[in-house]
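Remarks on the overall topology
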Amino acid sequence: MTNASSANMENVIEEKNQDMAISARNINVVYSTPTGQIPAVRNVDIDLPKGSITGIIGESGSGKSTLIMAIMNAVTKPGKIESGSVILDGKEDMLKLSTEQQRKIRGKKIGFVFQAAQNSLNPLRRVGQQILDLGRSHDVKDLRALIKYAKELLMRLGLDADRVLASYQHELSGGMRQRVGIMFALVLNADIVFLDESTTALDMLSQASVLEIIRELQKEKKLTIALVSHDIGVIADLSERIEIFYAGEIVEEGKTDDVLANPQHPYTRGLIRAIPKISGDIDSAEPLKGASPDYKTYQQPGCLFYDRCPIRTDECLKKRPDLTHIGKSHKVACFRVGVHD
Amino acid sequence: MKDFLIRLVWRIFSGILMVLAVASLTFFLVRMMPGDPVNAQYNQLIMQGMTPVQAENQVKVMYGFIPKEPVGQQFVNYILNLLHFDFGQSISYEGVSVSHIIVSAAPWTLVLVFTGLIASFLIGVLAGVIAAIKRSSPFGTSLTVSGSLLHGIPQFVMGLLLAYLFTTLWPLLPFGAPYDSSIDPGFNWPFISSLFSHAVLPVFTYALSSYGGWLLTMKSSVITVLGDDFILASEIRGLKASTRVGYIAHNAILPLFTLFTLSIGFMFGGSVFIENIFDYPGLGNLLLKSIDTRDYPLMSGAFLLITIAVILSNIITDFLYSIVDPRIRR
Ligand SMILES: Nc1ncnc2c1ncn2[C@@H]1O[C@H](COP(=O)(O)OP(=O)(O)OP(=O)(O)O)[C@@H](O)[C@H]1O
Ligand SMILES: [Mg+2]
């Protein structure tokens, strides 16, 4: 046995040993629109290791929200999950459970703050009543304790808890609503939490403090978190692992530090270069060239990033690269690993 | 609370103004009618051999004003009488006051239309929710089709159809008249059951022909709400199906609420076709008869009643709406 192959074995064993809160395989989601079938998520495998934060980043429209909705088996029409499995805690497959079993998992085991969290409340009921609705739906015995915990969370998130509980949605600001959405995802003590751009309506300081609280809660309760964000800084700060999404596929993934220190996919490099650094010169931020892929791009056989790629070759037009190991847990989908532009 | 009172007083005040405006309009309309009914009546009385003074008095009693007086004076008298709820006297029912006629016709209509309205609203709204939620299943589709069909059939066709089916083809129910005239009216069982069986067809006609409208409106309202983000959120939070249906229904019914309370106001116009077909002595029939016999005092009295009812229901709607929809509260 050579050294290299034994190192590989170790990797495999390590990956197997770490328990996965969620292990999704071969997820495919298609939106049927009048203009055609949009394959918004294609052949995606994603693991969320227990007790860790995973950041998901990618261009707008790349399918991040669709992917995490698919993991909840809550893709909305006209979308449809064409294939895949979502294994929870190494046991049941979310996509095969009965509607009632899924309902019990949603909200209770998996908290979810979705992108439109600002409109996630029933406009005709006070926040407090809706917490009670949530509790009753999940057979919470001690509703008083539930409200108490909700207040505690709201206070930690920097809100006036009593006022918020007595308010209707229209009486709260956008940022307040987002934080109320976060409270709803946490109040039943879910151990897996999805946050889809959940701090976008907040100013920098509030965002920093909300993220800090999420980090604290994650440590306290050993939460498994998947964090979707456009802000690579936020992800670098919080997450242990990072998934780079491009045009419905994962193009690079690994430990955040590894990926950011040694980005291999030209899209990842472009993404990092596109961040204006506060301290540095604003001109040093380079926007990504070219247009986002549209649904025609998906039909071509080659790499989806070809049109925008600075290091493309003709080979890239013939086949699509698969996600392959280039390090311990670092994977890239690119034929030109190691070539720099 | 203080704001609330101020608003209430203001709405009532402006409501009264509106009623007076409509009353004035009716007053001048009646006076401008071709052939001036008031003058015609006056002339007719003279021809019947009355002295001008007698005729004048008679007209004054009937219309609430005297044709020979200057219009301004007449108008003031008319309005003053109105403020005492004096609508004048009917021409066709000689010597009977308009308010008395209206008051005795109103219960027939109110029972008929109110029962029909409530029944069609409840059933239509429920069916609308189901039709929206199950819109891609055969059951949902057939509900929608039932709604469109019934909605499309005019009230009088529906009435004649039901009358044919249940009084001629299968003679299960009585036809025409509000009750069996051979029974002594009073608080006794035969009379009450006769009232009841005579009311079945008119009520059903009303209910069936308004059911479709409620169903279709509710269905489209529910479909709109189903697309709202908070419904998706309630699903992702794993709320029970019953809770979710409650959320949907509550939000979807708001637009229908206004329609419903306004229908209650319009109820006082009676249901002309149905009352006519089933010979029901309600407000609709009364209105028809007053037009037939050119009984202007009765006509303007009936119109005024509709006006007041609609304006009042409007005010009530506004206030109730601010209770059912917290976003309206100020
Ligand atoms: N309801 C829908 N109908 C049709 N296409 C849709 C629908 N929802 C999403 N899509 C398409 O699916 C693709 C992925 O959308 P998705 O919302 O998952 O992107 P995203 O990565 O979350 O973007 P953002 O960062 O802007 O939130 C897009 O091309 C989008 O146009
Ligand atoms: Mg999104």
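Residues numbered from 1 in each chain as written. Chains lettered and ligands numbered in written order. Predicted model: local features only at pLDDT ≥ 70, side-chain atom pairs only at ≥ 80, totals over all residues. Heavy atoms only, no water.

**Digging into the UniProt feature "domain: ABC transporter" (unreviewed entry) in chain A**
In plain terms, the rule: UniProt positions are given in the numbering used here, feature names are shortened, and annotations may be inferred rather than shown by experiment. Every helix listed is a DSSP run of H or I at least four residues long, and every strand listed is a run of E at least two residues long, numbered separately from the N terminus.
UniProt feature "domain: ABC transporter" (unreviewed entry): in the numbering of this structure it lies at residues 24-272 of chain A. Along residues 24-272 of chain A, the helical share is 39% and the strand share 27%, with 27 Å between the first and last C-alpha atoms.

**With respect to the side chain of A:Lys64**
Residue and element names in this part refer to chain A. Spelled out, the test is: Think of it in three bands: residues with accessible area under 20% of the maximum for their type are buried, residues over 50% are exposed, and the middle band is partly exposed, with areas taken using a 1.4 Å probe on protein chains only. Just so you know, the count uses Lys and Arg for positive and Asp and Glu for negative, and it drops His and the chain ends. Each reported salt bridge corresponds to a side-chain nitrogen of Lys or Arg within 4 Å of a carboxyl oxygen of Asp or Glu. Polar contacts here mean pairs of N or O atoms no more than 3.5 Å apart (in protein, one a potential hydrogen donor and the other a potential acceptor; neighbouring residues in sequence count only if both atoms are side-chain atoms). Residue contacts are counted whenever heavy atoms from the two residues lie within 4.5 Å of one another.
Tracing the backbone shows Lys64 in helix H2 (residues 64-71). Summary of buried charges: Lys64 has no salt-bridge partner, and the nearest side chain of opposite charge, Glu197, is 4.4 Å away. A polar contact is formed between the side chain of Lys64 and the backbone oxygen of Gly58, at a distance of 3.0 Å. Polar side-chain contacts of Lys64 include one of 2.9 Å to the backbone oxygen of Glu59. In contact with Lys64, other than residues within four places in its own chain, are Ile56, Ile57, Gly58, Glu59, Glu197, Val228, His230 and Phe245.

**Things to note about the pattern of salt bridges**
All names here are of chain A. Overall, the coordinates contain 24 salt bridges over all chains when judged by the stated rule. Note that Arg42 is salt-bridged to Glu249, the shortest N-O span being 2.5 Å. In this pair, Arg42 sits in strand S2 (residues 36-49) while Glu249 sits in strand S9 (residues 249-255), placing the two residues 207 residues apart along the sequence. Here the two residues Arg42 and Glu249 agree in accessibility, since each one is buried. Among the charged side chains, a network of salt bridges with common partners joins Lys50, Asp89, Lys109 and Asp191.

**Considering the UniProt feature "transmembrane region" (unreviewed entry) in chain B**
Residue and element names in this part refer to chain B. Under the present numbering, the feature "transmembrane region" (unreviewed entry) in UniProt falls on residues 12-30, 110-133, 153-175, 187-208, 253-278 and 298-321. When the span residues 187-208 is considered, its composition is 91% helix and 0% strand, and the gap between its end C-alpha atoms is 30 Å. The annotated region residues 298-321 carries 100% helix and 0% strand content, and the separation between its end C-alpha atoms amounts to 34 Å.

**Considerations on the coordination of the magnesium ion (ligand 2)**
All names here are of chain A. To keep things clear, this is the line we draw: Note that water is not among the atoms used; donors are N, O and S atoms within 2.8 Å of the metal (3.2 Å for Na, K and Ca), so sites may look incomplete.
Taken together, Ser65 (OG) and Gln115 (OE1) make up the full set of protein donors to the magnesium ion (ligand 2), lying 1.8 to 2.1 Å away. On the criterion of sequence distance, the pair formed by Ser65 in helix H2 and Gln115 in the loop between strand S5 (110-113) and helix H4 (127-137) is long-range, its members being 50 residues apart. The exposure class of Gln115 is partly exposed, given its relative accessible area of 39%.

**Side note on the interface of chain A and chain B**
Put simply, the test is: Here the buried area means the combined drop in accessible surface, using a 1.4 Å probe, for two parts upon being joined, counting both sides. Any residue outside Ala, Val, Leu, Ile, Met, Phe, Trp, Tyr, Cys, Pro, Asp, Glu, Lys and Arg is labelled polar, Gly included; the first ten of those are nonpolar and the last four are charged.
Contacts between chain A and chain B engage 29 residues on the former and 20 residues on the latter. Between chain A and chain B lies a buried interface of about 2,200 Å² when both sides are counted; carbon and sulfur atoms form 61% of it. At the junction of chain A with chain B, the criterion picks out 10 residue pairs in polar contact (both at pLDDT 80 or more). Breaking the side of chain A that touches chain B down by element, the ones donating at least two residues are H4 and helix H7 (174-186) of chain A. In terms of residue count, the dominant contributor to the side of chain A that touches chain B is H4(A) (five residues). Residue classes in the side of chain A that touches chain B are distributed as 12 nonpolar, 10 polar and seven charged.

**Here we look at the sheet that holds S2(A)**
Residues and elements named next belong to chain A. Formally: Note: two strands are recorded as paired if DSSP finds a minimum of 2 bridges between them. Axis definition: a line fitted to C-alpha atoms, limited for helices to the stretch in contact. Angles are taken between N-to-C directions and run from 0 to 180 degrees.
With respect to topology, three strands assemble into an open sheet ordered S2-S1-S4, the strand pairing being antiparallel. Strands with a single pairing partner mark the edges of an open sheet, and in this sheet they are S2 and strand S4 (79-88). Going from strand to strand, the sheet's axes swing by 5° on average, the running direction of each strand aside. Bridge count between strand S1 (residues 20-33) and S2: 10 bridges; the pairing is antiparallel.

**Focus: the site of ligand 1**
Residue and element names in this part refer to chain A. Definition in use: When at least one non-hydrogen atom of a residue lies within 4 Å of a molecule or strand, that residue is treated as near it. In short, Shrake-Rupley with a 1.4 Å probe defines the accessible areas, and a residue's cover is counted only from the protein chains shown.
Around ligand 1, a shell composed of 15 residues is seen, among which Ser60, Ser65, Thr66, Gln115 and His230 lie nearest. Within the contact set of ligand 1, an oxygen atom lies 3.2 Å away from a backbone nitrogen or oxygen of Ser62. Here Gly63 contributes a backbone N or O atom positioned 2.9 Å from an oxygen atom of ligand 1. Within the complex, 71% of the 630 Å² of free accessible area of ligand 1 lies under protein. Of all the secondary-structure elements, those providing two or more residues to the shell around ligand 1 are S1 and H2. If you tally residues by element for the shell around ligand 1, the top one is H2, at three residues. Residue composition of the shell around ligand 1, grouped by class: three nonpolar, nine polar and three charged.

**A word on the environment of A:Phe112**
The residue A:Phe112 is located in strand S5 in this model. Residue classification places A:Phe112 among the buried residues on the basis of a relative accessible area of 5%. Through-space distance from the C-alpha of A:Phe112 to that of A:Leu186 is 8.5 Å; in sequence the pair is 74 residues apart. A:Phe112 has contacts with A:Ile68, A:Met69, A:Met72, A:Ala185, A:Phe194 and B:Ile236, leaving out every residue within four places of it along the chain.

**Overview of the UniProt feature "domain: ABC transmembrane type-1" (unreviewed entry) in chain B**
Annotation from UniProt places "domain: ABC transmembrane type-1" (unreviewed entry) at residues 106-317 of chain B. In the segment residues 106-317 of chain B, helix accounts for 79% and strand for 0%; the C-alpha atoms at its two ends are 22 Å apart.

**A look at the packing of H4(A) against H7(A)**
Residue and element names in this part refer to chain A. Quick note on the threshold: By definition in this entry, angles of less than 35 degrees are roughly parallel, angles greater than 145 are roughly antiparallel, angles of 65 to 115 are roughly perpendicular, and the rest are oblique. Should the near helix be turned anticlockwise from the far one by less than a right angle, the crossing is termed left-handed; should it be turned clockwise, right-handed.
One can describe the packing of H4 onto H7 by two numbers: an axis separation of 11 Å at closest approach and a directional angle of 25°. Classified by the angle their axes make, H4 and H7 are roughly parallel. The chirality of how H4 crosses H7 is right-handed. Contacts between H4 and H7 involve Val127, Gln130, Ile131 and Leu134 from the former and Val180, Met183 and Phe184 from the latter. Classifying every residue of the contact of H4 with H7 gives six nonpolar, one polar and no charged.

**A closer look at the confidence of the model for chain A**
Residue and element names in this part refer to chain A. Spelled out, the test is: Looking at any residue, its pLDDT shows the predictor's confidence there, from 0 to 100.
In the predicted model, chain A carries a mean pLDDT of 87, and the fraction of residues at 70 or more is 91%. Mean pLDDT across the secondary structure elements of chain A bottoms out at helix H1 (residues 3-17), with 49, and peaks at H4, with 97. In this model residues 1-7 is a low-confidence stretch, pLDDT under 50, and it forms one contact with partners more than four residues away in sequence or in other chains.

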